[in-house]
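Take a look at the letters that make up each chain.
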Amino acid sequence: MMNCYHWLRGISRKSLWLAIFLCSTTLSLAADNSTRRLTILTSFPPKFYVPFVEKFESAHPDFHFCSE
Amino acid sequence: MCLLSKNLNLPILISISVLNKKTTAAIDEILRGNQRNFGIFWSSSVDAFDVLKSAHTLRYLQPQRDAQVVSIKNISLDDPDGYFYGFALSGVGWMWNSHYLKREELPVPENWDALLDPVYYGHLAMSTPSRSGTTHLIVESFLQSMGWKEGWSKLLLLSGNLATVTARSFSVPEGVGSGRFGIGLVIDFLAQSRNRSGIEFRYGHPVFPVPAGIAGLKGGENPAAAELFLDFVLSLDGQKLLLLPGINRLPVSRTLHSDHALKASGLLSLTEQNGLQPYNVQLSRKRYQLVNQLFDRMITFRLRERRHLWKRMIDLEKRFGRKDPAIATLRTAVIKQLGAVPVSYVQSQNPSLHEMIKTVSTEASLNKAQRKLFKEWDIFVSRKFSRVKDLLDQAERSFSTEKRR
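Right, let's walk through the structure included here.

What counts, and at which threshold
- Residues numbered from 1 in each chain as written.
- Chains lettered and ligands numbered in written order.
- Predicted model: local features only at pLDDT ≥ 70, side-chain atom pairs only at ≥ 80, totals over all residues.
- Heavy atoms only, no water.
- Helix = DSSP H or I, 4+ residues; strand = E, 2+ residues; numbered from the N terminus.
- Buried < 20%, exposed > 50% of the residue type's maximum accessible area, 1.4 Å probe, protein only.
- Contact = heavy atoms within 4.5 Å.
- Areas by Shrake-Rupley, 256 points an atom, 1.4 Å probe, with all protein chains shown as cover.
- Pairing = 2+ DSSP bridges.
- Phe/Tyr/Trp six-rings, centres within 6.5 Å; stacked < 30°, edge-to-face > 60°.
- Lys NZ or Arg CZ within 6 Å of the ring centre and 35° of its normal.
- Axes fitted to C-alpha atoms, helices over the stretch in contact; angles between N-to-C directions.
- Parallel < 35°, antiparallel > 145°, perpendicular 65-115°, else oblique.
- Nonpolar A, V, L, I, M, F, W, Y, C, P; charged D, E, K, R; others polar.
- Lys, Arg positive; Asp, Glu negative; His and termini not counted.
- Salt bridge = Lys/Arg side-chain N within 4 Å of Asp/Glu carboxyl O.
- Polar contact = N/O pair within 3.5 Å; in protein donor to acceptor, adjacent residues only side chain to side chain.

### Things to note about the overall build of chain B
Assigned secondary structure in chain B consists of 19 helices and eleven strands. In chain B, which comprises 405 residues, the proportion classed as buried is 56%. Contacts spanning at least 24 positions in sequence make up 72% of the contacts within chain B whose residues lie at least 6 apart. Surface accessibility of chain B: about 18,000 Å² in total, with carbon and sulfur atoms responsible for 50%.

### Examining the pairing of strand 7 (residues 162-166) of chain B
Residue and element names in this part refer to chain B. With respect to burial, strand 7 is a largely interior element, four of its five residues being buried. Pairing geometry for strand 6 (residues 124-127) and strand 7, over four bridges, is parallel. Within strand 7, the residue paired with Ser 127 across the bridge is Thr 166.

### Brief notes about the packing of aromatic side chains
Applying the stated criterion to the full structure yields 20 aromatic pairs over all chains. Between the aromatic rings of A:Phe52 and B:Trp42, the centroid separation amounts to 5.3 Å while the plane-to-plane angle is 90°, which identifies the pairing as edge-to-face. Here A:Phe52, found in helix 2 (residues 46-59), pairs with B:Trp42, found in strand 3 (residues 38-43), and the two come from separate chains. Of the two residues examined, A:Phe52 and B:Trp42, each falls in the buried class. A network of ring pairs unites the aromatic residues A:Phe44, A:Phe48, A:Phe52, A:Phe56, B:Trp42, B:Phe87, B:Phe229 and B:Phe232 as a single cluster. Above the face of the B:Phe189 ring, B:Arg249 is positioned so that its terminal group lies 3.4 Å from the ring centre.

### Regarding the packing of helix 4 (residues 133-146) of chain B against helix 14 (residues 288-298) of chain B
All names here are of chain B. In the contact formed by helix 4 and helix 14, the axes pass within 11 Å of each other and the chain directions differ by 95°. Classified by the angle between their axes, helix 4 and helix 14 sit roughly perpendicular to one another. Each of His 136, Val 139, Glu 140 and Leu 143 in helix 4 lies in contact with helix 14, whose residues at this interface are Tyr 288, Val 291, Asn 292 and Phe 295. Here the contact of helix 4 with helix 14 is composed, by residue class, of five nonpolar, two polar and one charged.

### Digging into the side chain of B:Asp47
Residue and element names in this part refer to chain B. Relative to the assigned elements, Asp 47 resides in helix 2 (residues 46-54). Buried within the structure, Asp 47 lacks any salt-bridge partner; Arg 287 is the closest side chain of opposite charge, at an N-O distance of 8.6 Å. Polar contacts involving the side chain of Asp 47 include one to the side chain of Tyr 279, which spans 2.9 Å. Residues in contact with Asp 47, not counting those within four places in the same chain, are His 136, Leu 137, Tyr 279, Val 281, Ser 284 and Tyr 288.

On their own, these measurements won't tell you what the molecule is for.
Shown next as structure tokens:
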């Protein structure tokens, strides 16, 4: 019974560490994901900047224009 | 709005936050530490770029332009140190509504000085440099072409003709377009974006061609994407977008300047006629807040009084004739008082004065030294107004007595 307890406790620790590792990796990926955000500060009106953003999107297929 | 990248199935969000506020609010936000992590600053105000550069908030970048830039004598379109880049050219002047001028039987103003003519009393509008970066360019154009004292004097006298000082620069073309006022002091693209019949624009002389710019900001979340977007705006593809009817801006690409439509641009004609003067952005940056504060203290906050006194002078001229020697003497005295500025040119160059008012944002946030300084300016203006009132009272009394005789 005691051996089983130690085994379970060991497993739990390993699981715990695994969970912490996976969690931190996920969080780090999420953080990396959020850093892929570019915000542009401009006083130009939409009439001015929307054509630029749309053309930029068509020139760079990786990017997609969307509404927040 | 945002852009998403499909690359590696990891979305790249590029949100475009639009600042529908004054340029100075954008500057304040960046100077406070760019807490919203903006990656790009994109604006018409060359002054704003220089202010941000001097505060070390801009990134050094070396964009790859695929189009050669037009060369204008003594005028640098890009920051020589590589912190911001020009993508469009602009100049300031005045726009007018031809239908309005015809209805009011007013001539088209030929130059800046003409706007001081009493015939335009109540027919002009402009914004304030503290709320509009492009209006700051207009005010600096006066100061840099005529000098500190003369430039302020002209602005102060012109303000007597203003119907209003608008809170936003685009309210000026809106008001001219709707016929609320006849003439508006604006930057070229605000006038040219109104493709309506009867709306016209003229550059002031000399014209100060200023580049609208783009720069990378320190503290942005995605520097690589910022560089990509900046490269695109400066590319030939980006430059061509400036010619769209809704945008209507003058590109800096030499390739596009061979286009016939662009050759007709008033700004380019002036380039060829040597009618240009380089805009001193360093000078403008040093006194940026000083000019903004002086304009508001002398004009924006005192407009009603200025208009009232100027109207009394105009009425006297109408009643007794502008050529009357006594009226001419009175006019000279009134102009001297109304055109006086509480800060001399020498004082305007004092770095400690610039430092003292560097962080003025709201009236409630003024510190003790700022309150004291502004109170001195207010007293100076009040004394000048009081002197003008005395002169006008005296003239009205003596002219009335003479008339009775």
